[in-house]
Amino acid sequence: MTARSFILPDPETQPAFYADVPPKRFLAWIIDTVLIAILCALVLPFTAFTGIFFFPFLMLVVGFIYRVLTLAGGSATWGMRLVGLEFRAQTGERFDLGAAILHTLGYSISWAVPLLQFVSIILMLVSRRKQGLTDHFMGSVAINRSARF
């Protein structure tokens, strides 16, 4: 462990880190989806408006890029930043580019397979650290930013 490494907060002794994380993640998801739709609408003219015929695919691609860049740049999407959340890797550090790509890929796969997304939502509601399916695989957590290490 490097000098910059942290230990993830314990939900029993530091519950403030995990308080209200599932509803905040849902609100952040709504905000991010609206922002991605706006970005897609801005991109649409550059496709000579043919993007309207493959708009769901455009949303997927733009959303993937948006999530990777925002997670790599601050360990949180813009929606997450607005609601005061951020991701931390298993080491407690912020996401780097590799973690951002892996998390976004896991998120995308979960949405492609509705059963996985359902399992992910249930895990966020019942697990000690409020982790989704991808978080469980990566060992990452979404925590409240206002509560600092």
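Up top is the structure these notes are about.
Note that the structure is predicted; figures quoted are calculated from it, not measured.

Reading guide: rules and limits
- Residues numbered from 1 in each chain as written.
- Predicted model: local features only at pLDDT ≥ 70, side-chain atom pairs only at ≥ 80, totals over all residues.
- Heavy atoms only, no water.
- Helix = DSSP H or I, 4+ residues; strand = E, 2+ residues; numbered from the N terminus.
- 1 Å grid on protein atoms, 1.4 Å probe; cavity = no way out; pocket = protein on both sides within 12 Å on 5 of 7 lines; lining within 4 Å.
- Points joined across faces, edges and corners; volume = space filled by probe spheres on them.
- Nonpolar A, V, L, I, M, F, W, Y, C, P; charged D, E, K, R; others polar.
- Core = buried A, V, L, I, M, F, W, Y, C linked by side-chain atoms within 4.5 Å.
- Buried < 20%, exposed > 50% of the residue type's maximum accessible area, 1.4 Å probe, protein only.
- Contact = heavy atoms within 4.5 Å.
- Axes fitted to C-alpha atoms, helices over the stretch in contact; angles between N-to-C directions.
- Left-handed = near helix turned anticlockwise from the far one by under 90°.

## A closer look at the environment of V34
Note on placement: V34 falls in helix α1 (residues 21–43). Put simply, V34 and P114 are 80 residues apart on the chain and 21 Å apart in space, counted from C-alpha to C-alpha.

## Some words on the layout of surface pockets
Roughly 490 Å³ of volume is contained in the largest pocket. Along its surface, the largest pocket is lined by 25 residues, and R25, W29, Y107, Q117 and M124 are the ones closest to its centre. Of all the elements in the fold, those that place two or more residues in the lining of the largest pocket are α1, α2 (55–74), α4 (97–112), α5 (114–126) and α6 (133–138). At six residues, α1 tops the list of elements feeding residues into the lining of the largest pocket. Computed from the structure, the second largest pocket encloses a volume of approximately 300 Å³. Lining the second largest pocket we find 13 residues, and of these M59, L60, R67, Y107 and W111 sit closest to its centre. Classifying every residue of the lining of the second largest pocket gives nine nonpolar, three polar and one charged.

## Quick look at the nonpolar core
In terms of nonpolar packing, the biggest core is built from 14 residues, with L71, M80, L85, F87 and F95 touching the most fellow members. When residues of this core are traced back to their parent elements, those giving at least two are α1, α2, α3 (78–83), β1 (85–88) and α4. Dropping the residues within four chain positions of it, F95 is found in contact with L71, A72, S75, F87, R88, A89, A100, H103, M138 and S140. Listed in part, the six residues of the second largest apolar core include I36, C40, L44 and L58.

## A closer look at the packing of α2 against α4
For the pair α2 and α4, interaxial distance at closest approach is 8 Å and the crossing angle is 145 degrees. Where α2 crosses over α4, the handedness of that crossing is right-handed. Only L97, A100, I101, H103, T104, L105, Y107 and S108 of α4 make contact with α2, whose side of the interface consists of F64, R67, V68, L71 and A72. The residue inventory of the contact of α2 with α4, partitioned by class, reads nine nonpolar, three polar and one charged.

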